[in-house]
Amino acid sequence: MLGGGEMAMVVSGKEAGKGQQQAAAMEAGKYVRYTPEQVEALERVYNECPKPSSLKRQQLIRECPILSNIEPKQIKVWFQNRRCREKQRKEASRLQTVNRKLTAMNKLLMEENDRLQKQVSHLVYENGYMRQQLHNPSVATTDTSCESVVTSGQHHHQQNPTPQHPQRDANPAGLLAIAEETLAEFLSKATGTAVDWVQMVGMKPGPDSIGIIAVSHNCSGVAARACGLVSLEPTKVAEILKDRPSWYRDCRCLDVLTVIPAGNGGNIELIYMQTYAPTTLAVARDFWTLRYTTALEDGSLVICERSLTPATGGPAGPPAPNFIRAEMLPSGYLIRPCEGGGSMIHIVDHVDLDPWSVPEVLRPLYESPKILAQKTTIAALRHLTQIAQEISGEVPYGGGRQPAALRAFSQRLSRGFNDAVNGFSDDGWSLLGSDGVEDVTIAINSSPNKFLGSQANPSALYSTLGGGILCAKASMLLQNVPPAILVRFLREHRSEWADCGVDAYSAASLRANPYVVPGVRASTGFLGSQVILPLAHTAEHEEFLEVIRLEGHGFNQDDVILSRDMYMLQLCSGVDENAVGACAQLVFAPIDESFDDDLPLLPSGFRDSPATTRTLDLASMLEIGSGGTARTVNETASSTYNLRSVLTIAFQFTYENHLRDNVAAMARQYVRSVVASVQRVAMAIAPSRPGCQIGVKHPPGSPEAHTLAQWISRSYRAHTGVDSQANDSLLKLLWHHPDAASPVFTFSNQAGLDMLETTLMALQDLTLEKILDDNGRKVLCSEFPKIMQQGISYLPAGICLSSMGRPVSYEQAVTWKVLNEEDSPHCLAFMFVNWSFV
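Conventions used here
Residues numbered from 1 in each chain as written. Predicted model: local features only at pLDDT ≥ 70, side-chain atom pairs only at ≥ 80, totals over all residues. Heavy atoms only, no water. UniProt positions renumbered as here; feature names shortened; annotations may be inferred. Axes fitted to C-alpha atoms, helices over the stretch in contact; angles between N-to-C directions. Helix = DSSP H or I, 4+ residues; strand = E, 2+ residues; numbered from the N terminus. Parallel < 35°, antiparallel > 145°, perpendicular 65-115°, else oblique. Left-handed = near helix turned anticlockwise from the far one by under 90°. Contact = heavy atoms within 4.5 Å. Nonpolar A, V, L, I, M, F, W, Y, C, P; charged D, E, K, R; others polar. Buried < 20%, exposed > 50% of the residue type's maximum accessible area, 1.4 Å probe, protein only. Phe/Tyr/Trp six-rings, centres within 6.5 Å; stacked < 30°, edge-to-face > 60°. Lys NZ or Arg CZ within 6 Å of the ring centre and 35° of its normal. Pairing = 2+ DSSP bridges. Salt bridge = Lys/Arg side-chain N within 4 Å of Asp/Glu carboxyl O. Core = buried A, V, L, I, M, F, W, Y, C linked by side-chain atoms within 4.5 Å. pLDDT = per-residue confidence, 0-100.

- Looking at an unreviewed UniProt entry, the protein chain carries the name Homeobox domain-containing protein, with the source organism given as Musa balbisiana.
- Heading Function (unreviewed entry) of the UniProt record for the protein chain holds this comment: "Probable transcription factor."
- Word for word, the UniProt comment on the protein chain under Subcellular location (unreviewed entry) is "Nucleus".

## Quick word on the packing of helix 15 (residues 483–492) against helix 19 (residues 660–685)
Part 1 of the argument: Across the interface, helix 15 lies against helix 19 with an axial gap of 11 Å and an inter-helix angle of 120°. Here helix 15 is positioned oblique relative to helix 19, judged by the angle of their axes. Seen along the crossing, helix 15 lies across helix 19 with a hand that is right-handed. Across the interface between the two elements, Ile485, Leu486, Phe489 and Leu490 from helix 15 touch Val678, Val681 and Ile685 from helix 19.
Part 2 of the argument: For the contact of helix 15 with helix 19, the class distribution of residues is seven nonpolar, no polar and no charged.

## Focus: unusual backbone geometry
Part 1 of the argument: A positive phi angle is found at asparagine 218, which is not glycine, with a value near 55°.
Part 2 of the argument: On the secondary structure map, asparagine 218 appears in the loop between strand 2 (212–216) and strand 3 (222–230).
Part 3 of the argument: The exposure class of asparagine 218 is partly exposed, given its relative accessible area of 47%.
Part 4 of the argument: The backbone of asparagine 480 shows a phi angle near 60°, a positive value even though the residue is not glycine.
Part 5 of the argument: Residue placement: asparagine 480 occurs in the loop between strand 14 (467–479) and helix 15.

## Remarks on the packing of aromatic side chains
Part 1 of the argument: Evaluation of the coordinates by the stated rule reveals 15 aromatic pairs.
Part 2 of the argument: Ring centres of phenylalanine 651 and tyrosine 670 lie 5.2 Å apart, and the angle between their planes is 75°; on these two criteria the pair is classed as edge-to-face. Within this pair, whereas phenylalanine 651 is found in strand 22 (residues 644–656), its partner tyrosine 670 is found in helix 19, the two being separated by 19 residues in sequence. Note on accessibility: phenylalanine 651 and tyrosine 670 belong to one class, buried.
Part 3 of the argument: Among the aromatic side chains, those forming a connected cluster through ring pairs are Trp497, Tyr505, Phe588, Phe606, Phe651, Phe653 and Tyr670.
Part 4 of the argument: Positioned above the aromatic ring of tyrosine 46 is the side chain of arginine 82, whose terminal nitrogen or guanidinium carbon lies 4.3 Å from the ring centre.

## Focus on the sheet that holds strand 25 (residues 807–810)
Part 1 of the argument: Strand order across the open sheet formed by three strands is 24-25-28, with antiparallel pairing between neighbours. Across the chains shown, the open sheet's two edge strands, defined by having one partner strand only, are strand 24 (798–801) and strand 28 (836–837).
Part 2 of the argument: With two bridges joining them, strand 25 and strand 28 adopt antiparallel strand pairing. Directly across from valine 808, in strand 28, lies its bridge partner phenylalanine 837.

## What about the sheet that holds strand 14?
Part 1 of the argument: Spatial strand order, 12-13-14-22-19-18-17-16-15: nine strands in an open sheet with antiparallel pairing. Edge strands, defined here as strands with exactly one partner in the open sheet, are strand 12 (429–431) and strand 15 (530–537). Averaged over all adjacent pairs, the angle separating strand axes in this sheet is 20°, with direction ignored.
Part 2 of the argument: Strand contacts of helix 15: strand 14, strand 15, strand 16 (543–550), strand 17 (566–573), strand 18 (584–591), strand 19 (604–610) and strand 22, with the helix running at about 20° to strand 18, the strand carrying the most contacts.

## Some points on the pattern of salt bridges
Part 1 of the argument: Per the counting criterion, the structure on display carries 23 salt bridges.
Part 2 of the argument: A salt bridge links aspartate 427 to arginine 252; the nearest nitrogen and oxygen atoms lie 3.1 Å apart. Here aspartate 427, found in the loop between helix 12 (403–422) and strand 12, pairs with arginine 252, found in strand 4 (residues 251–261); they are 175 residues apart in sequence, far enough to count as distant.
Part 3 of the argument: Accessibility expressed as a relative area gives 8% for arginine 252, which makes it buried.
Part 4 of the argument: In this structure, aspartate 503 and arginine 494 form a salt bridge, with 3.1 Å as the shortest nitrogen-oxygen distance.

## Describing the packing of helix 9 (residues 234–242) against helix 11 (residues 369–392)
Part 1 of the argument: Across the interface, helix 9 lies against helix 11 with an axial gap of 11 Å and an inter-helix angle of 125°. As the angle between them shows, helix 9 and helix 11 are arranged oblique. For helix 9 against helix 11, the interelement crossing comes out right-handed. In contact with Lys236, Val237, Ile240 and Leu241 of helix 9, helix 11 contributes Ala380, His383, Leu384, Ile387 and Ile391.
Part 2 of the argument: Each residue belonging to the contact of helix 9 with helix 11 can be placed in one class, and the counts come to seven nonpolar, one polar and one charged.

## Regarding the nonpolar core
A general feature of soluble globular proteins is that nonpolar side chains tend to end up buried together.
Part 1 of the argument: In terms of nonpolar packing, the biggest core is built from 49 residues, with Leu470, Leu486, Trp497, Phe606, Phe651 and Phe653 touching the most fellow members.
Part 2 of the argument: In terms of residue count, the dominant contributor to this core is helix 19 (12 residues).
Part 3 of the argument: If you look at the next biggest cluster of nonpolar residues, it comprises 47 residues, including Val222, Ala226, Cys251 and Ile378.

## Looking at the confidence of the model for the protein chain
Part 1 of the argument: Of all residues in the protein chain, 74% attain a pLDDT of 70 or more, and the chain-wide mean is 77.
Part 2 of the argument: With pLDDT under 50 throughout, residues 453–465 is counted as low confidence; its partners more than four residues away or in other chains account for 22 contacts.
Part 3 of the argument: The low-confidence segment residues 689–703, where pLDDT is below 50, has 20 contacts with residues more than four positions distant or belonging to other chains.

## A short note on the pairing of strand 6 (residues 285–295)
Part 1 of the argument: Counting buried positions over the 11 residues of strand 6 gives 10, a clear majority of the element.
Part 2 of the argument: Two strands pair when backbone bridges link them, and strand 6 and strand 7 (residues 301–307) are joined in this way by seven bridges, in the antiparallel orientation. Bridge pairing links alanine 295 to leucine 301 in strand 7.
Part 3 of the argument: Hairpin geometry of strand 6 and strand 7 is characterised by an intervening segment of five residues between the two adjacent antiparallel strands and by a positive phi of about 90° at glycine 299.

This is the structure we're talking about:
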C-alpha cells in the first residue's frame, strides 16, 4: 500500500480533544443541575462505559426519558467531569499510599543507617585493636590468647560460624530452646549486623520499588534480605508467607509433621520440604527445619526457621535417598504493623545448598546470593504485592477469569515443567534406554495423574490415550548470551525453532483421535502466523501469562494441511535484562478452545539460568584503575559479557503403548533439532566482541524505533503546522504517552498495545481490516485520495476492534502520511482521540 510503503497506525490523543471538550462545555452556556434520578442513570452508564461515544450518548438520551431535557453536549461535559473526579480520587488515593510508603521507607532507612553506624563503630574498634597488636609484636608473639583473639576478629565477618550447642532432646523444652535461639539469630540478621549486607544492583529503594533488597557478602552459605511495605494486615501476611508452595515456584512439597503450641499465641512446627533442581544436571534439595511463629512485645509478628542438624539438636528428619539435604540457617520474616494500615516486612533467606555436590559449571547456581534473592526473597515480596492489588481490585480480569484462577494456571504450568525436568521416581517417572548418544534424556510416565493433575477425573481422557507421558529433555551451556534476550527471542520468533507437525501432534492429545507420529521437519517452520493474546501479568511485569494462537497450520493423517487454529497457554518470566540473577523461562502447553479451569496441561519449554560468578555489585560500580582514575560501569561492563548460562529444555508428549518407541524417536530427534536451532540463535544474538551492544538486530529495511518516532512527529508537524522541537527523548515520550501510538506492522507505544490488547510482536499480525469495522473501512477508503493529496485527514467517531475482539469506541481519528528522510511516503499513521472499551 502507499506505493510500497508499510501501512501504519498510530493511536494517540486523549489530550488532542481536550480543547474541543472545553469549548463544548462553554457552548452549553449554563450550569445544569441534575436530579438524583438523572445522576443515578448517568452513573449506571458510567460504570459500564466511562467514555461513551457521541452515538452512545445520543442513544442514552433516546432510551432514558428522564434525560430528554438535557442536551448531548451537556451530557458530554458531565462525563468529562465525572472522569476528572474519578481521576482526582484515584490520584489522591495513590498519593496517600505513596506518602505512607515513603514514611515507612524513611523509618526503614533510618534503622538501616543506625545498623551501619554500629557496624562502622565495631569495625573501627577492631581496626584499632589490630593496630595495637601490630605495634606490640612481643605481645602478639608471646601471648597466644591475644593472638587467638586477633584471629577471631579478622574472620568474624567472613565465616560467621553457627555456635555449637550441646545435644538437646526432641522434647518441647528442647525445641523451644532451639526456637528462641533461632529467633535471636534471625533478628540479628534482619535488623542487626550479623551479616555483611550489600545493596543489590538495580533494586534502589523508592516509592515505586518493590522494597530495599540486599545480598550477603563473605558469609557462610548465601543470604538475601528484603524490606518492603504491603497493604495487608500482619496476620494475612503471615498466612500467605507460611503457604510457601503458593509463591515459591521451586517448592515441590511442604509437609508440617509436628505442631507444638508455644507462648504468645505462637507455635513450633517441624517441617519437611522438598525443592526442585533447576536443571537436569543436578540433584534436587530437601530441608528438615523447625519453624517458630511468635509475637514480639511491640506487636510485631515473627516467623523464623532453621534446619535441625546434629549441631543444633532436635529430632532427625525423614530419609530421602533421591535428594541432597541442604541446610537452612536462621531465616524468616519480621512483620510490623504500620500506622494507617498495611505491614512493613523484613525478609531474610540464608541457606547452604552444598554447592560442592554439583558439577563446577553449575556451582554459581548454588553460590549466588542474587539468584537466591530472585527466587525466594523478592518472589515473596512480589507475591504479597500481587495479592494486595488483587484484593483492592487494582488487577483487571483477564479472559473473563478472576486473577486467582489465572495465577493457578501459572502455578500449574511452572510445576508441570519442574516435574518434567526433575522426573522424580515417586511420581512414576522412569528412564528409557538411549540410542547410544547421551545428549537427550528420555523419561516415561504411565501414571494418568501426571497428565491431568489432581484437578480432574483422569479416566475419560486417559482411556483414549492408552499409554502415558514421555518427556525428552536436555541441558546445554551457553556463552555470552543473556538469558533474558534469548528467552524473549524464543517467545517472539517461534518459527525459528518450532516444528508445526510436532505442535499439531501435541495439540491432538486433547482430542479423542491423536494424529500419527510425525517426522520432524528441519526447516519448514510455521505454515501460519503466531498471535499472542495477553491474559495476565504480575505487578512489575516480570511474569506474564498469555494464549498463543497458531493460525492455520497442522497435519491430518494423510499429511494434508489443515486450516484449524491451535492454541497454547504460555508462561514467560525473567525477560527483564536488568534483573540481576533472574532465571528466564518460557513454558507452554497445548489447550483447546474451551479453556476450562480444570483443563489438563502438559507443559514443555525452556529455562535459562545464569551461571556466572562475576556479576556487578556495589563494589564494582566504581572501580579504581592503576592510574588512580575511576572507571564507570560502562567501561568495566565488558568483563561481565563473558557470562555463562545453563539452558534446560524439556518437551512432553503423550503416547500410545504400541507407538511408544516411535514417539521416543520423534521426541529425541525433535529436541536435538531444537538444540541446534537454539545454538544458531545464540550465535546470532551474542555480541561479536566484548563491550558491544547485546541485542537482536533490527531486520533489514525497517527503520529503528527512534527514526520512526522522528518521522511520525515531523510529518505530523508538517501537515498541521504545529511547532515543536524534536529531541533524543522523542521515542520515550511517544512510548510513555498516556494514550496510544502504534504503526500497524511496525511499532506501538504502551497505550496502543493496551487498546489493541496485543504485544509488539503480535502487532505485526494485525491489519486494518481486522481493526476497523465496516463503516470505518468505508470512511477510510473515501478519505484515502485526500490523505495522499493533502497529507492529513480527520475521520469521524466510530468503533474498532481489539485483537481479543472487544469493541473500542473513539470520538475522532486523525490519519496522516508519514514521510521518510527523502520525503517519500513510508506509511500511514492513525491517531484515535478519546478511545475507550465499550
